Amino acid sequence: MTATTTTETARTTGMSAKDALAAVHAARGARDIVITTMTPARDWMLLPPTPLDLVFVPSAMGGAPSMGLGLALAQPNRRVIVCNGDGSMLMNLGSLVSIVNARATNLVVIVFVNGTYEVTGSQPVPGAGVVDYAALARAAGFESVHAYASIEEWRSDVRHVIGAPGPTFVSLAVEPVHGQPGPKSPGPARERARRFMEALDA
Ligand SMILES: Cc1ncc(C[n+]2csc(CCOP(=O)(O)OP(=O)(O)O)c2C)c(N)n1
């Protein structure tokens, strides 16, 4: 179930968020919805886009797992993958309980644990190095819980992890990056929402 014996807050293996996202990008199915927010959104936009990407920028901070739950329930024949920040996850821990309670078997929540609020200037996230996100997910009732601190292990498991019945929670210990700008909106939200809804109907 948990893939590594390393604690999830360990920083020894040097997994970059970009590499971890690239592994998600390579493994996602053609019909899967991918929601990204915070630095995962910034780095996802460096990869080739698809109409089923929901780059949640600007965002209701903390809201990505809830957005993912709504989409997972509305689109039961699609998998929904949420790429969230650790600070954002802390703002909306209750969503984990809602996800389990709703039995959202098609939902995967991936938290990029970098210990910082990277988009706002790398302030430390409360509890960085102490909070065990995988344990929080288990306590909320998730049965499929994984934690990785190694890009090699994540690359080798990602397809299986996101393809298995959920709800699934993944904690990725990634290196913080300092001094980079936050994500820029990829365009007018209304127009992007319209195109996204068209893609859902297609
Ligand atoms: C109500 C409220 N609580 C907490 C915060 C602090 N906060 C939570 S997430 C965040 C920025 C994003 O951090 P994170 O989700 O860790 O993503 P990263 O930028 O590291 O990718 C901030 C400033 C806030 N802005 N508002």
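All figures in this text were calculated on a predicted structure; none of them were measured in a lab.

### Looking at the overall build of the chain
Turning to step 1, where the next piece is worked out: Counting secondary structure elements, the chain contains 8 helices and 8 strands.
Turning to step 2, where the next piece is worked out: Against the 2.2 N^0.38 benchmark of 17 Å for 202 residues, the chain shows a C-alpha radius of gyration of 15 Å, consistent with a compact globule.
Turning to step 3, where the next piece is worked out: Across its three principal axes, the chain shows a C-alpha extent of roughly 45 × 35 × 30 Å.
Turning to step 4, where the next piece is worked out: Of all intrachain contacts in the chain linking residues separated by at least 6 positions in sequence, the fraction that spans at least 24 positions is 76%.
Turning to step 5, where the next piece is worked out: Within the structure as shown, the chain displays about 9,100 Å² of accessible surface, and the carbon and sulfur contribution to it stands at 58%.
Turning to step 6, where the next piece is worked out: Where the 16 positive side-chain charges of the chain centre and where its 16 negative ones centre are 7 Å apart.

### Focus on the nonpolar core
When a protein is soluble and globular, its nonpolar side chains tend to lie buried together.
Turning to step 1, where the next piece is worked out: Judged by nonpolar contacts, the single largest core of 31 residues is most densely connected at Ile33, Ile35, Leu71, Val80, Leu107 and Phe169.
Turning to step 2, where the next piece is worked out: Put simply, the parts of the chain that give this core at least two residues each are β1 (33–36), α3 (64–74), β3 (80–85), α5 (94–101), β4 (107–113), α6 (133–140), β7 (144–148) and α8 (189–201).
Turning to step 3, where the next piece is worked out: The contact partners of phenylalanine 169, leaving out residues within four places of it in the chain, are Met89, Leu96, Val109, Val111, Tyr133, Ala134, Ala137, Phe142, Ser144, Val145 and His146.
Turning to step 4, where the next piece is worked out: Listed in part, the 26 residues of the second largest apolar core include Leu21, Val24, Val57 and Ile110.

### A short note on the site of the ligand
Turning to step 1, where the next piece is worked out: What surrounds the ligand is a group of 15 residues, the closest being Thr39, Asp86, Ser88, Thr116 and Val119.
Turning to step 2, where the next piece is worked out: Interatomic distance of 2.9 Å between a side-chain N/O atom of asparagine 114 and an oxygen atom of the ligand.
Turning to step 3, where the next piece is worked out: Taking valine 119, its main chain carries an N or O atom lying 2.8 Å from an oxygen atom of the ligand.
Turning to step 4, where the next piece is worked out: Taken by itself the ligand offers 580 Å² of open surface, and the protein chains cover 72% of this.
Turning to step 5, where the next piece is worked out: Going through the elements one at a time, α2 (38–44), α4 (86–91) and β5 (116–117) are the ones with two or more residues in the shell around the ligand.
Turning to step 6, where the next piece is worked out: Per element, the largest residue contribution to the shell around the ligand is 4 residues, and it comes from α4.
Turning to step 7, where the next piece is worked out: Split into classes, the residues belonging to the shell around the ligand amount to 6 nonpolar, 7 polar and 2 charged.

### Examining the sheet that holds β3
Turning to step 1, where the next piece is worked out: Here we have 6 strands laid out as an open sheet, ordered β2-β1-β3-β4-β8-β7, and parallel in their pairing. Strands at the two margins of the open sheet, each flanked by one partner only, are β2 (53–55) and β7. If you compare each strand with its neighbour and ignore which way they point, the axes differ by 15° on average.
Turning to step 2, where the next piece is worked out: Relative to β3, β1 runs parallel, the two being bridged by 4 bridges.

### Quick word on the environment of phenylalanine 142
Turning to step 1, where the next piece is worked out: Structurally, phenylalanine 142 can be placed in the loop between α6 and β7.
Turning to step 2, where the next piece is worked out: Here phenylalanine 142 falls in the buried class, since its relative accessible area comes to 4%.
Turning to step 3, where the next piece is worked out: C-alpha separation for the pair phenylalanine 142 and threonine 105, spaced 37 residues apart in sequence, amounts to 10 Å.
Turning to step 4, where the next piece is worked out: Sequence-distant contacts of phenylalanine 142, defined by excluding residues within four places in its chain, comprise Leu96, Ile99, Val100, Ala137, Pro167, Thr168 and Phe169.

### So, the pattern of salt bridges
Turning to step 1, where the next piece is worked out: A full pass over the atoms with the stated rule returns 6 salt bridges.
Turning to step 2, where the next piece is worked out: When the shortest N-O distance is used, the salt bridge between arginine 195 and glutamate 191 registers 3.3 Å. Taken as a pair, arginine 195 and glutamate 191 lie in helix α8 at a separation of 4 residues, close to a single helical turn.
Turning to step 3, where the next piece is worked out: Taking the relative accessible area as the measure of exposure, glutamate 191 reaches 30% and is therefore partly exposed.
Turning to step 4, where the next piece is worked out: If you follow the salt bridges from partner to partner, you end up with Glu191, Arg194, Arg195 and Glu198 in one network.

### Some details on the confidence of the model for the chain
The predicted coordinates ought not to be read in detail in places where the model reports low pLDDT.
Turning to step 1, where the next piece is worked out: Here the chain averages 94 in pLDDT, and 94% of its residues register 70 or above.
Turning to step 2, where the next piece is worked out: Of all helices and strands in the chain, the one with the weakest mean pLDDT is α8 (96), whereas β4 scores best (99).
Turning to step 3, where the next piece is worked out: For residues 1–11, every residue scores under 50 in pLDDT, and the model assigns this stretch 37 contacts once sequence neighbours within four places are set aside.

Rules and cut-offs
Residues numbered from 1 in each chain as written. Predicted model: local features only at pLDDT ≥ 70, side-chain atom pairs only at ≥ 80, totals over all residues. Heavy atoms only, no water. Helix = DSSP H or I, 4+ residues; strand = E, 2+ residues; numbered from the N terminus. Rg over C-alpha atoms; globule rule 2.2 N^0.38 Å. Contact = heavy atoms within 4.5 Å. Areas by Shrake-Rupley, 256 points an atom, 1.4 Å probe, with all protein chains shown as cover. Lys, Arg positive; Asp, Glu negative; His and termini not counted. Charge placed at Lys NZ, Arg CZ, Asp CG, Glu CD. Core = buried A, V, L, I, M, F, W, Y, C linked by side-chain atoms within 4.5 Å. Buried < 20%, exposed > 50% of the residue type's maximum accessible area, 1.4 Å probe, protein only. Near = heavy atom within 4 Å. Polar contact = N/O pair within 3.5 Å; in protein donor to acceptor, adjacent residues only side chain to side chain. Nonpolar A, V, L, I, M, F, W, Y, C, P; charged D, E, K, R; others polar. Pairing = 2+ DSSP bridges. Axes fitted to C-alpha atoms, helices over the stretch in contact; angles between N-to-C directions. Salt bridge = Lys/Arg side-chain N within 4 Å of Asp/Glu carboxyl O. pLDDT = per-residue confidence, 0-100.

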